[in-house]
Amino acid sequence: MPAFEDLLVWRRAREMVAELYRMTGAGRLERDWGLRNQMQRAAVSVISNIAEGFERGRRGELRQFLGIAKGSCGELRSQLYVALDVGYIGDDDFARMHGRLLELSRLLDRFRAAVIRQQETSGARPK
(Lines give C-alpha, C1' and ligand atoms only; values in the text may rest on other atoms or scores of the structure.)
Protein backbone atom coordinates (compact mmCIF):
# COMPACT_ATOMS: atom_id res chain seq x y z
CA MET A 1 0.00 0.00 0.00
CA PRO A 2 1.46 3.38 -0.97
CA ALA A 3 2.28 5.97 1.65
CA PHE A 4 2.52 9.73 1.31
CA GLU A 5 6.29 9.38 1.75
CA ASP A 6 6.33 7.59 -1.62
CA LEU A 7 4.94 10.62 -3.44
CA LEU A 8 7.44 12.63 -5.49
CA VAL A 9 5.56 15.85 -4.67
CA TRP A 10 5.82 15.15 -0.92
CA ARG A 11 9.55 14.38 -1.19
CA ARG A 12 10.13 17.65 -3.10
CA ALA A 13 8.12 19.51 -0.45
CA ARG A 14 10.29 17.94 2.25
CA GLU A 15 13.44 19.16 0.49
CA MET A 16 11.93 22.63 0.14
CA VAL A 17 11.05 22.82 3.85
CA ALA A 18 14.60 21.84 4.87
CA GLU A 19 16.10 24.46 2.56
CA LEU A 20 13.66 27.12 3.73
CA TYR A 21 14.51 26.45 7.39
CA ARG A 22 18.23 26.77 6.60
CA MET A 23 17.59 30.02 4.75
CA THR A 24 15.38 31.54 7.47
CA GLY A 25 17.80 30.47 10.21
CA ALA A 26 20.58 32.74 8.98
CA GLY A 27 21.30 36.40 8.37
CA ARG A 28 18.87 39.25 8.81
CA LEU A 29 15.83 37.06 8.13
CA GLU A 30 16.63 35.09 11.28
CA ARG A 31 16.02 38.21 13.37
CA ASP A 32 12.65 39.10 11.82
CA TRP A 33 10.57 36.70 13.88
CA GLY A 34 7.26 37.58 12.23
CA LEU A 35 8.29 37.07 8.61
CA ARG A 36 10.48 34.07 9.42
CA ASN A 37 7.66 32.41 11.33
CA GLN A 38 5.14 33.12 8.56
CA MET A 39 7.46 31.68 5.91
CA GLN A 40 8.15 28.57 7.96
CA ARG A 41 4.44 28.06 8.62
CA ALA A 42 3.62 28.36 4.90
CA ALA A 43 6.37 25.85 4.02
CA VAL A 44 5.17 23.37 6.64
CA SER A 45 1.60 23.85 5.40
CA VAL A 46 2.63 22.60 1.95
CA ILE A 47 4.12 19.31 3.15
CA SER A 48 1.47 18.80 5.84
CA ASN A 49 -1.50 19.28 3.51
CA ILE A 50 -0.09 16.81 0.98
CA ALA A 51 0.26 14.21 3.74
CA GLU A 52 -3.09 14.92 5.36
CA GLY A 53 -5.00 14.82 2.09
CA PHE A 54 -3.35 11.55 1.10
CA GLU A 55 -3.94 9.92 4.47
CA ARG A 56 -7.65 10.75 4.47
CA GLY A 57 -8.03 8.17 1.72
CA ARG A 58 -10.70 9.96 -0.32
CA ARG A 59 -9.97 11.51 -3.72
CA GLY A 60 -12.20 14.52 -3.11
CA GLU A 61 -10.41 15.37 0.11
CA LEU A 62 -7.00 14.76 -1.45
CA ARG A 63 -7.90 17.17 -4.24
CA GLN A 64 -8.99 19.78 -1.71
CA PHE A 65 -5.82 19.46 0.38
CA LEU A 66 -3.60 19.61 -2.70
CA GLY A 67 -5.29 22.90 -3.54
CA ILE A 68 -4.50 24.20 -0.06
CA ALA A 69 -0.88 23.07 -0.44
CA LYS A 70 -0.65 24.90 -3.77
CA GLY A 71 -2.05 28.03 -2.15
CA SER A 72 0.62 27.82 0.53
CA CYS A 73 3.26 27.59 -2.22
CA GLY A 74 1.95 30.87 -3.62
CA GLU A 75 1.91 32.44 -0.18
CA LEU A 76 5.53 31.46 0.37
CA ARG A 77 6.59 32.78 -3.06
CA SER A 78 5.01 36.11 -2.16
CA GLN A 79 6.84 36.17 1.18
CA LEU A 80 10.10 35.50 -0.64
CA TYR A 81 9.59 38.74 -2.55
CA VAL A 82 9.18 40.57 0.75
CA ALA A 83 12.40 39.04 2.08
CA LEU A 84 14.21 40.01 -1.13
CA ASP A 85 12.78 43.53 -1.27
CA VAL A 86 13.81 44.38 2.29
CA GLY A 87 17.29 42.93 1.80
CA TYR A 88 16.95 39.85 4.01
CA ILE A 89 17.94 37.44 1.21
CA GLY A 90 20.05 37.86 -1.89
CA ASP A 91 19.20 37.25 -5.51
CA ASP A 92 20.75 33.76 -5.54
CA ASP A 93 18.80 32.50 -2.53
CA PHE A 94 15.64 34.06 -3.94
CA ALA A 95 16.10 32.49 -7.38
CA ARG A 96 16.88 29.04 -5.97
CA MET A 97 13.88 28.96 -3.61
CA HIS A 98 11.53 30.60 -6.10
CA GLY A 99 12.46 27.99 -8.71
CA ARG A 100 11.94 25.18 -6.21
CA LEU A 101 8.51 26.55 -5.33
CA LEU A 102 7.49 26.91 -8.99
CA GLU A 103 8.49 23.29 -9.60
CA LEU A 104 6.54 22.19 -6.53
CA SER A 105 3.49 24.15 -7.67
CA ARG A 106 3.63 22.41 -11.08
CA LEU A 107 3.91 19.00 -9.40
CA LEU A 108 0.90 19.82 -7.23
CA ASP A 109 -1.05 20.86 -10.34
CA ARG A 110 -0.20 17.60 -12.12
CA PHE A 111 -1.03 15.45 -9.12
CA ARG A 112 -4.31 17.28 -8.57
CA ALA A 113 -5.22 16.86 -12.25
CA ALA A 114 -4.48 13.13 -12.00
CA VAL A 115 -6.73 12.85 -8.95
CA ILE A 116 -9.52 14.62 -10.83
CA ARG A 117 -9.09 12.27 -13.81
CA GLN A 118 -9.29 9.28 -11.47
CA GLN A 119 -12.49 10.66 -9.99
CA GLU A 120 -13.99 11.11 -13.44
CA THR A 121 -13.00 7.67 -14.74
CA SER A 122 -14.19 5.92 -11.60
CA GLY A 123 -17.59 7.52 -11.88
CA ALA A 124 -17.19 9.45 -8.66
CA ARG A 125 -18.38 13.01 -8.86
CA PRO A 126 -15.79 15.62 -7.90
CA LYS A 127 -16.78 17.61 -4.85
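Draft legend 1. Examining the packing of helix H1 (residues 8-24) against helix H3 (residues 33-56) more closely. At their nearest, the axes of H1 and H3 sit 9 Å apart, and the two run at 165° to each other. In terms of orientation, H1 and H3 fall into the roughly antiparallel class. As for how H1 packs across H3, the hand of that crossing is left-handed. Listed contacts from H3 to Val 9, Trp 10, Ala 13, Arg 14, Met 16, Val 17, Leu 20, Tyr 21, Met 23 and Thr 24 of H1 are Arg 36, Met 39, Gln 40, Ala 43, Val 44, Val 46, Ile 47, Ile 50 and Ala 51. Tallied by class, residues from the contact of H1 with H3 come to 15 nonpolar, two polar and two charged.

Draft legend 2. H1, seen in detail. Here H1 contains 17 residues, and its C-alpha end-to-end distance of 24 Å stays within 8% of the 24 Å for a straight helix at 1.5 Å per residue. Contact partners of the buried residues in H1: helix H2 (27-31), H3, helix H4 (59-85) and helix H5 (91-122).

Draft legend 3. Spotlight on the environment of Leu 29. As for its position among the elements, Leu 29 is in helix H2. The sequence separation of Leu 29 and Asn 49 amounts to 20 residues, and the corresponding C-alpha distance is 25 Å. The residues contacting Leu 29, other than those within four sequence positions of it, are Met 23, Thr 24, Leu 35, Arg 36, Met 39, Tyr 88 and Ile 89.

Draft legend 4. Quick look at the side chain of Asn 49. Looking at where Asn 49 falls in the secondary structure, it is placed in helix H3. Given a relative accessible area of 10%, Asn 49 falls into the buried group.

Draft legend 5. Representation of the nonpolar core in the model. The biggest cluster of nonpolar side chains holds 33 residues, and the ones touching the most others in it are Met 16 and Ile 50. Those elements giving two or more residues to this core turn out to be H1, H3, H4 and H5. The greatest single-element share of this core, amounting to eight residues, is contributed by H3. Sequence-distant contacts of Ile 50, defined by excluding residues within four places in its chain, comprise Leu 7, Val 9, Trp 10, Ala 13, Leu 62, Leu 66, Ala 69 and Leu 108.

Scoring rules and cut-offs
- Residues numbered from 1 in each chain as written.
- Predicted model: local features only at pLDDT ≥ 70, side-chain atom pairs only at ≥ 80, totals over all residues.
- Heavy atoms only, no water.
- Axes fitted to C-alpha atoms, helices over the stretch in contact; angles between N-to-C directions.
- Helix = DSSP H or I, 4+ residues; strand = E, 2+ residues; numbered from the N terminus.
- Parallel < 35°, antiparallel > 145°, perpendicular 65-115°, else oblique.
- Left-handed = near helix turned anticlockwise from the far one by under 90°.
- Contact = heavy atoms within 4.5 Å.
- Nonpolar A, V, L, I, M, F, W, Y, C, P; charged D, E, K, R; others polar.
- Expected span 1.5 Å × (residues − 1).
- Buried < 20%, exposed > 50% of the residue type's maximum accessible area, 1.4 Å probe, protein only.
- Core = buried A, V, L, I, M, F, W, Y, C linked by side-chain atoms within 4.5 Å.

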